[in-house]
Amino acid sequence: QAKESGRGTTRIFDAAMSQKVCARQDLKRDLAFALEKGELRLVYQPIRDLGSGRIATAEALLRWRHPEKGEVSPVDFIPLAEETGLINAIGEWVLEAACRQAAHWPADVSVAINISPVQFRSDTFPMKVAAALARSRLAPARLELEITESVLLADSEHNMRILHDLKAIGVRISLDDFGTGYSSLSYLRLFPFSKLKLDRCFVSDIGRSAQSEAIVRAVADMGHALSMMTTAEGVETSGQLDWLRANGWSQAQGYLIGRPAEADVFGALVAPSGLRDLEGAVPSR
Ligand code: C2E
Ligand code: MG
Ligand code: MG
Ligand code: MG
């Protein structure tokens, strides 16, 4: 098609393409030094337990402050880190930093971190998790590892062994972005997940589509039947929150509960004198 559209168009297309490729290469190169230059940090998004009303968990989310480009989204740099293998070093740093941070919170608050499928390829991953827990003295049950279906897609025998090793350590495993993959249901037969996190595209349909509501209701029932906790992602309105509570969801996460917060802000929220029980009181900065 590029040929048909004539020389001028082709040249513009090529220029745009190569500019994009260059930008990616630049980011990749910069990412290699981001860790040692201290440009990466974790922010913590509160997750509310709908039974007790308390903030029960924080999801650690990576942030990269690039010296020239400003904040780069993990959606843009995680894939680059996975391509270069840098995700292993970055992932290890996330694990260490999140455990160290969570060890300062009250004992009934846990931390959730996102694990890339690439990290699963390494046989030593469970050992690294155990080491981070030992160093931080964080109780294993206070660490949740979020994985997506892509982990179960590839080399399932190896990944299954890693998952069981992790479970033996005592950490909890959550299935993230549930409902967006191709065969979500079949994965639930493969491994006893502690928690299922419903992707936010379903939550945004609450109050708008009876069809989606029927699915969201059924997922909560299924989670309950399988003794899994159920967390709805991307809760933005009180209407959605009320609906989820009425339909048996155990936890809610989203901008309504709180935006991802800097470590000190989240720490103050869950401190004994904090505001963790108050709805909608999570400060952001
Ligand atoms: P995720 O694990 O599904 O994380 C939830 C994402 O939804 C976060 O985006 C969060 O800021 C956003 N979010 C939360 N509540 C709301 C809401 O109410 N409305 C909307 N529109 N969005 C909401 P974020 O921080 O940009 O992270 C994007 C993805 O990057 C994460 O998706 C996760 O897959 C990945 N990621 C983040 N940190 C890490 C990490 O340390 N390691 C790895 N491997 N991946 C990470
Ligand atoms: Mg996640
Ligand atoms: Mg998710
Ligand atoms: Mg996601």
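In this convention, every chain numbers its residues from 1, walking through the sequence in written order. A letter from A marks each chain and a number from 1 marks each ligand, given out in the order of writing. Note on the predicted model: pLDDT of at least 70 is required for a residue's local features to be given, and 80 or more for side-chain atom pairs to be given and counted; whole-chain, interface and lining totals, by contrast, use all residues. The side-chain quantities take in all heavy atoms of the structure and omit both hydrogens and water.

1. Topic: the overall build of the chain
- Regarding its fold elements, the chain presents 12 helices and 9 strands.
- A radius of gyration in this sense is built from C-alpha atoms; the matching globule rule multiplies 2.2 Å by the number of residues raised to 0.38. Against the compact-globule benchmark of 19 Å for 285 residues, the chain has a radius of gyration of 20 Å, which places it among compact chains.
- Taken along the three principal axes of its C-alpha coordinates, the chain extends 65 × 50 × 45 Å.
- Going through the 285 residues of the chain one by one, you find that 45% of them count as buried.
- Of the contacts made within the chain by residues no fewer than 6 positions apart, 68% connect residues no fewer than 24 positions apart.
- Counting every atom, the chain has about 14,500 Å² of accessible surface; 54% of that belongs to carbon and sulfur.
- Here the positive residues are Lys and Arg and the negative ones are Asp and Glu; neither His nor the chain ends is included. Charge positions are represented by NZ for Lys, CZ for Arg, CG for Asp and CD for Glu. Averaging the positions of the 33 positive and the 36 negative side-chain charges in the chain gives two centres separated by 3 Å. Each helix is a run of H or I in the DSSP string that is no shorter than four residues. Each strand is a run of E no shorter than two, and both are numbered from the N terminus. Relative accessibility decides the category of a residue: with a 1.4 Å probe and only protein chains considered, values under 20% of the type maximum give buried, values over 50% give exposed, and everything between is partly exposed. Between two residues, a contact is recorded if the distance between any of their heavy atoms is within 4.5 Å. Only the protein chains shown count as cover for residues, and all accessible areas are computed by the Shrake-Rupley method using a 1.4 Å probe.

2. Some points on the confidence of the model for the chain
- What pLDDT conveys is the predictor's confidence in a given residue, as a value from 0 to 100. The pLDDT averaged across the chain works out to 91; a share of 92% of its residues lies at or above 70.
- Here the predicted complex scores 0.92 on pTM and 0.97 on ipTM.

3. So, the side chain of S136
- For S136, the position within the fold is in helix 5 (residues 125–136).
- What makes S136 buried here is its relative accessible area of 14%.
- For S136, the residues in contact, after removing those within four places along its chain, are C99, R100 and A103.

4. Some details on the site of ligand 1
- A cutoff of 4 Å decides nearness: a residue is near a molecule or strand if any of its heavy atoms lies inside that distance of it. Close to ligand 1 lie 22 residues; R63, N114, D176, E236 and Y255 are nearest.
- Any N or O atom pair separated by 3.5 Å or less is treated as a polar contact, with the protein-specific requirement of one donor-capable and one acceptor-capable atom, and with residues adjacent in sequence counted only for side-chain atom pairs. In the environment of ligand 1, an oxygen atom lies 2.8 Å from a nitrogen or oxygen atom belonging to the side chain of N114.
- In the complex, the protein chains occlude 84% of the 810 Å² of accessible area that ligand 1 would expose alone.
- Site definitions follow a grid-based scheme: protein atoms alone, a 1 Å grid, a 1.4 Å probe that fits but cannot get out for cavities, and for pockets an open set with protein on both sides within 12 Å along at least five of seven lines, plus lining residues having an atom within 4 Å of a point. Should more than half of a molecule's atoms lie within 2 Å of a pocket's or cavity's grid points, that molecule is taken to sit in it. At a threshold of 2 Å from the grid points, most atoms of ligand 1 map onto the largest pocket.
- Elements that contribute at least two residues to the shell around ligand 1 include exactly strand 2 (55–66), helix 2 (74–84) and strand 6 (172–178).
- Each residue gets one label: Ala, Val, Leu, Ile, Met, Phe, Trp, Tyr, Cys and Pro are nonpolar, Asp, Glu, Lys and Arg are charged, and the others, such as Gly, are polar. Residue classes in the shell around ligand 1 are distributed as 9 nonpolar, 5 polar and 8 charged.

5. A few points about the coordination of the magnesium ion (ligand 2)
- Within the protein, the atoms that donate to the magnesium ion (ligand 2) are E59 (OE), N114 (OD1), E146 (OE) and D176 (OD), at distances of 2.0 to 2.2 Å.
- When the donors of the magnesium ion (ligand 2) are listed by position in the chain, the intervening gaps give E-x54-N-x31-E-x29-D.
- We call an atom a donor if it is N, O or S and sits within 2.8 Å of the metal, or 3.2 Å for Na, K and Ca. Water is not counted, so some sites may look partial. For the pair the magnesium ion (ligand 2) and the magnesium ion (ligand 3), the metal-to-metal distance amounts to 4.0 Å, and D176 bridges them. Here D176 lies in strand 6 and N114 lies in strand 4 (residues 110–114), a separation of 62 residues in the sequence.

6. Digging into unusual backbone geometry
- Within the chain, D177 stands out as a residue other than glycine whose phi angle is a positive 55°.
- Accessibility expressed as a relative area gives 26% for D177, which makes it partly exposed.

7. Some remarks on the coordination of the magnesium ion (ligand 3)
- Surrounding the magnesium ion (ligand 3) are the protein donor atoms D176 (OD), D177 (OD), E233 (OE) and E233 (OE), at 2.1 to 2.5 Å.
- Written as a sequence motif, the donor residues of the magnesium ion (ligand 3) are D-D-x55-E.
- Look at D176 and you get buried, because its relative accessible area is 6%.

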